[in-house]
Amino acid sequence: MRIAMSGTHRVGKSTLIEDLGEELTEYRVVDEPYHLLEEEGYEFASPPCLEDFLEQLRRSLELLEEEDTRNILFDRCPLDFLGYLLTHEDSDAFDVEEWLTRIRSALKTLDLVVFVPIEERDRIRLPAHEDSQLRREVDEKLAWILLDDPYELGVEVLSVHGSGTARVSQVLERLSRAGGR
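Conventions and cut-offs
Residues numbered from 1 in each chain as written. Predicted model: local features only at pLDDT ≥ 70, side-chain atom pairs only at ≥ 80, totals over all residues. Heavy atoms only, no water. Helix = DSSP H or I, 4+ residues; strand = E, 2+ residues; numbered from the N terminus. Expected span 1.5 Å × (residues − 1). Buried < 20%, exposed > 50% of the residue type's maximum accessible area, 1.4 Å probe, protein only. Contact = heavy atoms within 4.5 Å. Pairing = 2+ DSSP bridges. Axes fitted to C-alpha atoms, helices over the stretch in contact; angles between N-to-C directions. Phe/Tyr/Trp six-rings, centres within 6.5 Å; stacked < 30°, edge-to-face > 60°. Core = buried A, V, L, I, M, F, W, Y, C linked by side-chain atoms within 4.5 Å.

Student: What am I meant to see in helix α3 (residues 50-66) here?
Tutor: With 17 residues, α3 ought to run about 24 Å at 1.5 Å a step, and its terminal C-alpha atoms sit 24 Å apart, in line with that. By the burial criterion, the buried members of α3 are Leu50, Asp52, Phe53, Leu54, Gln56, Leu57, Arg59, Ser60, Leu61, Leu63 and Leu64. Each element contacted by the buried residues of α3 is listed here: β1 (2-6), β2 (28-30), α2 (33-39), β3 (72-75), α4 (78-87) and α5 (97-107).

Now the structure itself:
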């Protein structure tokens, strides 16, 4: 299967993908676009500007379009960056309609998106400098995009919760039902 982890920053996506990678040894992990772009020399603004999120969206789309192999775990997907773009202070300069055809096409290559939301009792300790308001806004926007599907993306979504072990179990259970493991 082709599976992407999705969620705002600091919810445990990378930990979940790391843990899943240990369980699903036949799967390859693709790092998130932010890290790949950094390795390629891209310099992000601090805080990230609209163009930074657009660049990550482009890179995420390329990863889905280029990678045609099965048994792959993606750390983030285009919808993550859609969430950030739609909540950015300069979001009025972003035209979602311009991107939807390509996003829909790329998402069709995925078998499952695993949504890692902020939980009622937040499991992640945030650094003092962290923008918790932005984090919550992106989480709410992603829940709306993934669970309400206002853009008719038609992607299958599994929302996970609980401890790291519980989250891994939920994904493995879903994969066993689909024959993906």
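Student: So what exactly am I meant to see when it comes to the sheet that holds β2 here?
Tutor: Where strands meet in a sheet, backbone hydrogen bonds hold them as pairs that are either parallel or antiparallel. The strand order β2-β3-β1-β4-β5 describes an open sheet built from 5 strands, whose pairing is parallel. Edge strands, defined here as strands with exactly one partner in the open sheet, are β2 and β5 (157-159). On average, each strand axis in the sheet is tilted by 20° relative to the strand beside it, whichever way the strands run. Judged from the 3 bridges that link them, strand β4 (residues 112-115) and β5 form a sheet pairing that is parallel. Within β5, the position partnered with Phe115 by the bridge is Ser159.

Student: Would you mind showing me how to read the packing of aromatic side chains here?
Tutor: For any pair of aromatic rings, the description consists of the separation of the ring centres together with the inter-plane angle of the planes. Applying the stated rule across the entire model yields 4 aromatic pairs. Between Phe53 and Tyr84, the ring centres sit 5.0 Å apart and the planes meet at 10°, which makes this aromatic pair stacked. With a gap of 31 residues between them, Phe53 in helix α3 and Tyr84 in helix α4 connect regions that are remote in the sequence. No difference in accessibility class separates Phe53 from Tyr84, as the two residues are buried.

Student: Help me understand helix α7 (residues 164-178), please; the structure alone is not making it clear to me.
Tutor: A turn of α-helix holds 3.6 residues, and therefore any two residues three or four places apart point the same way. Taking 1.5 Å per residue, 15 residues should reach 21 Å; α7 reaches 21 Å between its end C-alpha atoms and fits that length. All of the buried residues in α7 are Arg167, Val168, Gln170, Val171, Leu172, Arg174 and Leu175. Those residues of α7 that are buried are in contact with β1, α1 (13-23), β4 and β5.

Student: Is there a simple way to explain the nonpolar core in this structure?
Tutor: Generally speaking, nonpolar side chains in soluble globular proteins are found buried as a group. The biggest cluster of nonpolar side chains holds 35 residues, and the ones touching the most others in it are Phe74, Leu79, Leu82, Phe94, Ile103, Leu110 and Leu153. Among the secondary structure elements, those contributing two or more residues to this core are α3, β3, α4, α5, β4 and α6 (132-148).

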